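Observations on the model geometry
What follows is each chain in one-letter form.
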Amino acid sequence: MSYKTILVHVDASRRASERIRIAAQIALAENAHLIGTAMTGLSRFVFEGSGFDLNVAPWSVHLNGMRERANSALEAFERQARAMGVPSLESRLVDDEAAAGISVQARYCDLLVIGQTDVGETTPGMRPDFPEYVVINSARPVLIVPAAGHFEYVGQRVLVAWNASLEATRAVAGAIPLLRRAQQVDVAVFRSSAEAGAHGAQPGADIALYLARHDIQVEVLQEDTETDVGHALLLAASDWSYDLIVMGGYGHSRLHEILLGGATRTMLEAMTVPVLMSH
C-alpha cells in the first residue's frame, strides 16, 4: 500500500508554500504523482445554467481576474515542486469554489493536502469551515497543515487517536504509507470504558496487531481523561513532540462528536501540528 497520487490545494495564501513543500516531500518519499489544484473561487453552478453570460463584462472581467490569480498560484506551485525535485507533477485550474472543487478532485487521489482555516487572512472564495467540509465530502484521507508554524518533517513521530470508530478506522488505513516510514507510532486510547464493546478485552490491542501486520510497530497508550479529547491530543503532541496526529473526523451534527467533547472541532480550530483526518 502506497500513495500513487497526491493532491495539494494551491492558492495565493501566505501558507500555500508550506502546504506545497509538505506535499512534495511526501510525493518524493512515495514516488507519487503530485497534482496542484487551484480553484477560481466562483461556484461551478454559475457555469451550469445560471443564466449569467460570463463572456460579457463585468462577469468576464471578474472571471479573468480570478483565473489569473489562480494561474499565478499554480506557477508558484510548479516552481517550488520542480525545485524540490518532484519528477511527476501537474497543475489544474478548476472553475469552482475552493471547498466543493477540491473535494471532487480529491476523489481521484490517494492523499489530499490542505490548510487549516487562517483566521488572520481573508481568502476569496474560501468558506470558514473549509477543512471540515473537505474532510466530510472528499472521501479521502486529508492531511491538514496548521495555519502557523514550520514543519520540517511530518510523520517521524506519530500519534494515532483511536476510538474504534468507522472514521478512526478510515484514518488509520489512509495513513499507513506515512506510518510505515515513521520512527515512532503511538496509539492513544481515551475513555476506553465508554467504548468497551468496540475495543475488546484489551483496548488498542486489535489495532496494534492490525498495524503490526503492515510492519508498523506501535505502543498503546491508555488514558481515561476527563479533558476534552481534542485538547488531550494537543497536550500530548506538545509534551511528546509528535509531528503528526492521525484521527477520525466527525461532523458537528453527530452525537458521537458531542460525546467526544468536540475533538474534531477543537483540533480544526487549535491544531499545532499537521493532522491527518478521515470521515
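Residues numbered from 1 in each chain as written. Predicted model: local features only at pLDDT ≥ 70, side-chain atom pairs only at ≥ 80, totals over all residues. Heavy atoms only, no water.

A word on the overall build of the protein chain
Counting secondary structure elements, the protein chain contains 11 helices and 10 strands. Taken over 279 residues, the protein chain has a buried fraction of 52%. For the protein chain, contacts bridging at least 24 residues in sequence account for 81% of all contacts bridging at least 6. Here the protein chain displays about 12700 Å² of accessible surface, and carbon together with sulfur accounts for 52% of that area. (Helix = DSSP H or I, 4+ residues; strand = E, 2+ residues; numbered from the N terminus. Buried < 20%, exposed > 50% of the residue type's maximum accessible area, 1.4 Å probe, protein only. Contact = heavy atoms within 4.5 Å. Areas by Shrake-Rupley, 256 points an atom, 1.4 Å probe, with all protein chains shown as cover.)

Focus: helix α4 (residues 98-106)
Extensive coverage of α4 is indicated by the burial of 8 of its 9 residues. Three or more residues of α4 are buried, namely Ala98, Ala99, Ala100, Gly101, Ile102, Ser103, Gln105 and Ala106. For α4, the N-terminal capping position is held by Glu97, with its side-chain oxygen 3.1 Å away from the main-chain nitrogen of Ala99. (Polar contact = N/O pair within 3.5 Å; in protein donor to acceptor, adjacent residues only side chain to side chain.)

Side note on the pairing of strand β6 (residues 157-161)
Burial of β6 is extensive: 4 of the 5 residues sit out of reach of the surface. Note that the unit made of β6, helix α6 (residues 166-181) and strand β7 (residues 184-190) has a crossover that is right-handed. Across 3 bridges, β6 lies against strand β9 (residues 244-248) in parallel orientation. Bridge pairing in β9 places Leu159 opposite Ile245. (Right-handed = clockwise from strand over helix to strand, strands pointing away. Pairing = 2+ DSSP bridges.)

Examining the packing of α4 against helix α5 (residues 130-137)
Interaxial distance between α4 and α5 falls to 9 Å at its minimum, and their mutual angle equals 30°. Taken as axis vectors, α4 and α5 run roughly parallel relative to one another. Crossing handedness for the pair α4 and α5: right-handed. Side by side, α4 and α5 meet where Ala98, Ala99, Ala100, Ile102 and Ser103 of the first sit next to Phe130, Tyr133, Val134 and Asn137 of the second. Its residues placed into classes, the contact of α4 with α5 shows 7 nonpolar, 2 polar and no charged. (Axes fitted to C-alpha atoms, helices over the stretch in contact; angles between N-to-C directions. Parallel < 35°, antiparallel > 145°, perpendicular 65-115°, else oblique. Left-handed = near helix turned anticlockwise from the far one by under 90°. Nonpolar A, V, L, I, M, F, W, Y, C, P; charged D, E, K, R; others polar.)

Considerations on unusual backbone geometry
When glycine is set aside, most residues are seen to have a negative phi, and most peptide bonds are trans. The residue Asp215 is not glycine, and still its phi comes out positive at about 65°. Considering the arrangement of structural elements, one finds Asp215 in the loop between α8 (205-212) and β8 (219-223). The class of Asp215 is exposed, set by a relative accessible area of 68%. The phi dihedral of Ser241 is positive, around 60°, even though this residue is not glycine. On the secondary structure map, Ser241 appears in the loop between α9 (229-240) and β9.

A few points about the environment of Val158
You can see Val158 is positioned in strand β6. Taking the C-alpha atoms as reference points, Val158 and Ala182, 24 residues apart in sequence, are found 6.9 Å from one another. Beyond its immediate stretch of four places on either side in the chain, Val158 contacts Leu179, Ala182, Gln184, Val185, Asp186, Tyr242, Leu244 and Val246.

Some words on the pattern of salt bridges
Using the criterion set out here, one finds 9 salt bridges in the structure. With its nearest N and O atoms 2.6 Å apart, the salt bridge here joins Asp129 to Arg127. For Asp129, a relative accessible area of 29% translates into the label partly exposed. By relative accessible area, Arg127 is classed as partly exposed at 30%. Each of the salt bridges in this network shares a partner with another, and the network as a whole consists of Arg14, Asp118 and Glu121. (Salt bridge = Lys/Arg side-chain N within 4 Å of Asp/Glu carboxyl O.)

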